[in-house]
Structures are given as C-alpha cells and as structure tokens.
Amino acid sequence: MKPLRKAYCRTFQTVFKIALPFLPYRRPKIITSVKDIPEILEKKKKGRALIVTDKGIEKLGLTRRLEKALKENDIPYFIYDKTVANPTTANVEEAVELYRDNYCDCIIGFGGGSSMDCAKAVGACIAKPRQSLAKMKGILKVHKRLPLLIAIPTTAGTGSETTLAAVITDAQTRYKYAINDFPLIPRYAVLDPKVTVSLPPSITASTGMDALTHAVEAYIGNSTTPDTRRDALRAVKLIFQNLDRVYENGSDLEARKDMLKASFYAGCAFTKSYVGYVHAIAHSLGGEYNVPHGYANAVILPFLLEAYGSTIHKKLKRLAIEAGLTEEDTPAEEAAGRFIQAVKDMKQRFCIGDTIDAIREEDIPKLAHYADKEANPLYPVPVLMDASELEQFYRILMPEASEDSPEA
C-alpha cells in the first residue's frame with residue numbers, strides 16, 4: 001500500500017479507536033429459550049411478529065417451538081422463509097412488504113447470519129422507508145430506532161445476534177456490502193441450544209470456525225480494548241474445548257450451549273474491534289459466487305495469519321495459551337506456529353479444504369477491489385494491503401495454485 005494511503009488508514013483507525021469509549025455500543029439481553037419470547041412481546045406491548053428465516057430452517061422444523069409458544073399466547077405471526085445464503089436486496093424488499101401488509105410491529109430473525117442480517121435490513125427499511133439500502137451502506141447511516149428486533153441464532157458462529165452490522169448483496173450487481181449502525185444491534189439474543197441440535201456436522205464445523213475467525217481477527221487487530229480482548233479469549237477457549245464435541249455429537253446440549261456462548265463472545269469482540277482481510281475476502285466470494293461465509297472464512301484464515309508474520313506472533317501466543325496448545329514459556333514464534341497449525345488441523349478434521357473452486361482468474365481484480373473497498377480504511381488489520389496485494393490470496397485459493405504448490 002502506498003505510504004499516503006497507509007497514513008490515512010492508520011489515522012482513520014486511530015481516531016475510531018479513541019472514539020470507542022464514547023460510542024453507544026450495547027449488548028443484547030440474553031434469553032435462554034424461545035419459550036420466553038411471548039413474555040417479552042407482551043411486556044413490550046408488541047402483538048404481530050414477522051419471523052425472518054430460510055427454507056432450510058423451516059424444513060428442519062426448527063421454528064415449531066417458537067410458533068407453538070406464539071400460538072399458545074395468541075400472538076399472530078407471519079413467516080418470511082425465502083432468505084438465501086447471502087441475503088439480497090430482493091429478500092429484504094419481499095420481507096418488508098410482508099411486514100407492512102400484515103401490520104407487524106416486531107421482527108424475529110431466526111437462523112444463521114443470513115436470516116439475522118436480512119431481519120436487521122428489514123428493520124432498517126421500516127425505520128427509514130424513504131431511503132434505499134444502498135444509501136445506508138457504510139457506517140452510521142441508519143440513525144433511527146428499529147422496530148423491536150429479536151435474534152435467534154441456529155448456528156454457533158456468525159455472532160450476528162450481537163453485532164451492529166447487516167451484510168447484504170445487491171440482487172442485480174452481486175456487490176456485497178455492509179450496513180453498520182448501532183440501532184441494528186438486536187434488543188434480545190436467544191441462546192437456545194435446542195435450536196442448534198439439528199445442524200449437520202459440516203455446518204456445525206464451518207460456523208464454529210466462523211466464530212473462531214471473528215475472535216482471532218478481533219484479537220489480532222489494532223483496535224482492541226480490555227473488554228474485546230477478554231471476549232475474544234473466552235471465545236477461543238470455548239471453541240477449542242467444544243467444537244470437536246459438537247461435530248462428533250450434535251446432541252451434546254452442554255457443548256452446544258458453550259458454542260453459542262463462544263459465538264456471542266466473539267460477536268461482542270468484533271462488533272467493537274472489527275475484523276480484517278479474512279472477512280473482506282470472504283464477503284467478496286460470497287457476493288460473487290454465493291460461497292457460504294463461514295466456510296470461506298475457515299478456508300482463508302490460516303493463509304492470512306501466515307501472511308501477517310511476526311506482527312502477530314505475541315498475540316497468537318496468547319490465543320494458543322488460551323486454547324491449551326502451549327505454555328507461557330514457549331517462544332512467541334513457536335507458539336504462533338502451533339496456533340496456525342491447530343487451525344489447519346481443525347480444517348482437516350472437519351473436511352474443509354484449502355481452495356474455493358468457483359474463483360475465476362478474470363474475476364480476481366474485481367474481487368480484490370471489493371475487498372479493498374470494504375476493509376480500508378475501516379478494518380484495523382495488523383498489516384495494511386491494497387487491492388493489488390490482496391489479489392495473491394485469491395490466487396492461492398484457486399485449485400490450480402494448490403496443485404502447483406510444492407506440497408501438492
């Protein structure tokens with residue numbers, strides 16, 4: 001990256017870090033069961049709920065307990081279940097229409113990050129009916145209070161139930177962008193392990209590694225606080241203790257509960273301290289090819305950790321200690337290597353590869369441009385890179401690159 005732009009990015013990030021204590025961050029109130037939602041709606045004097053989810057969640061029957069609870073309390077509800085893996089502007093428009101046509105007054109995001117992001121975007125459109133989503137992209141463009149928003153994560157990974165971000169893909173251009181503002185933070189997060197039990201091992205693994213990526217990128221960045229460092233360390237410890245357990249036995253409710261906690265802590269960490277180039281690259285791949293976000297993060301993570309080199313060795317050592325991979329007296333470089341290797345081993349155990357088959361060489365400049373535009377100057381990464389430098393990672397992820405490598 002050119003020196004002038006680098007100076008601008010670091011200045012922007014420093015100002016943002018100084019402002020952190022004065023910004024209106026808040027944590028959602030935690031509920032431990034979907035059965036408690038009717039009581040909250042009655043307390044808040046809300047009577048008609050829009051549930052935003054996807055077809056997969058509906059087919060698995062995961063919304064049944066919530067629907068039963070609402071029916072038993074005579075609370076009308078309406079379900080939008082067309083959310084796709086990377087929610088589009090078309091999804092949001094359809095859900096907004098359903099909300100308005102049925103005079104709803106609250107929104108329940110039920111599912112993975114896609115459903116929760118779609119629910120947040122619906123809330124933003126209800127709060128600002130005259131403004132398009134495209135005009136809300138970026139930082140602090142929403143301003144207005146959303147309808148009551150409750151998030152029910154069915155995966156322990158995205159952390160979207162804690163964050164101020166909604167990531168949306170333009171239905172026409174496939175450009176993926178984030179809307180970031182404090183009103184998007186859900187008022188309540190329902191951490192109910194029973195809704196995660198039906199997840200297949202592959203999704204359990206990729207979303208768990210998504211949470212790991214959140215915690216790691218938040219921790220190694222330059223805008224951490226004591227709170228975000230503590231949350232990231234908690235998340236990493238819980239993930240290393242429980243992810244293999246839930247991968248092997250999806251019915252382990254105790255491990256499922258701990259993974260939901262890990263995702264929540266990781267979400268709290270990156271909401272304040274932000275993520276990095278792993279996410280920026282993953283978002284571009286999701287927008288262009290519909291690559292699932294958690295899977296993309298898992299594939300990319302070790303490549304970026306290696307690229308950052310010695311700048312993050314001390315921080316990775318602390319993560320390695322928390323994960324139970326090394327001792328206090330281990331040299332930082334060695335400890336960092338153990339942590340990166342542990343991430344690679346985790347990928348192998350969970351059958352997550354090192355390549356993204358969909359990537360085409362002719363798309364790489366555009367993808368790198370999107371990643372650059374998303375990350376700079378906002379993300380306080382350990383090492384700054386521009387679009388031309390980010391292109392190398394897309395090429396590393398191409399199957400041909402893997403076949404040509406010395407290890408292949």
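About the cut-offs
Residues numbered from 1 in each chain as written. Predicted model: local features only at pLDDT ≥ 70, side-chain atom pairs only at ≥ 80, totals over all residues. Heavy atoms only, no water. Salt bridge = Lys/Arg side-chain N within 4 Å of Asp/Glu carboxyl O. Helix = DSSP H or I, 4+ residues; strand = E, 2+ residues; numbered from the N terminus. Buried < 20%, exposed > 50% of the residue type's maximum accessible area, 1.4 Å probe, protein only. UniProt positions renumbered as here; feature names shortened; annotations may be inferred. Phe/Tyr/Trp six-rings, centres within 6.5 Å; stacked < 30°, edge-to-face > 60°. Lys NZ or Arg CZ within 6 Å of the ring centre and 35° of its normal.

1. Overview of the pattern of salt bridges
Then, in step 1: Here the structure, examined in full by the defined rule, presents 19 salt bridges.
Then, in step 2: D372 is the partner of R5 in a salt bridge, and the nearest nitrogen-oxygen pair spans 2.8 Å. Remark: D372 occurs in helix α14 (residues 364-375) and R5 occurs in helix α1 (residues 3-19); sequence separation between them is 367 residues.
Then, in step 3: For R5, a relative accessible area of 31% translates into the label partly exposed.

2. A word on the UniProt feature "domain: Fe-containing alcohol dehydrogenase-like C-terminal" (unreviewed entry) in the chain
Then, in step 1: UniProt annotation of "domain: Fe-containing alcohol dehydrogenase-like C-terminal" (unreviewed entry) refers to residues 204-393 when read in the numbering used here.
Then, in step 2: Structurally, residues 204-393 is divided into 72% helix and 0% strand, and its ends, taken at the C-alpha atoms, are 25 Å apart.

3. Notes on the packing of aromatic side chains
Then, in step 1: Tallied over the full model, the rule gives 10 aromatic pairs.
Then, in step 2: Arranged with centres 6.3 Å apart and planes meeting at 55°, the rings of Y8 and F12 form a pair that is tilted. Residue Y8 and its partner F12 are located together in helix α1, separated by four residues, close to a single helical turn.
Then, in step 3: Under the relative-accessibility criterion, F12 is labelled partly exposed at 26%.
Then, in step 4: Between Y175 and Y177, the ring centres sit 5.9 Å apart and the planes meet at 40°, which makes this aromatic pair tilted.
Then, in step 5: For Y177, a relative accessible area of 5% translates into the label buried.
Then, in step 6: Taken together, the aromatic side chains of Y8, F12, F16, Y274 and Y379 make up a single cluster linked through ring pairs.
Then, in step 7: Across the ring face of Y265, the terminal group of R234 is positioned such that the distance to the ring centre comes to 4.9 Å.

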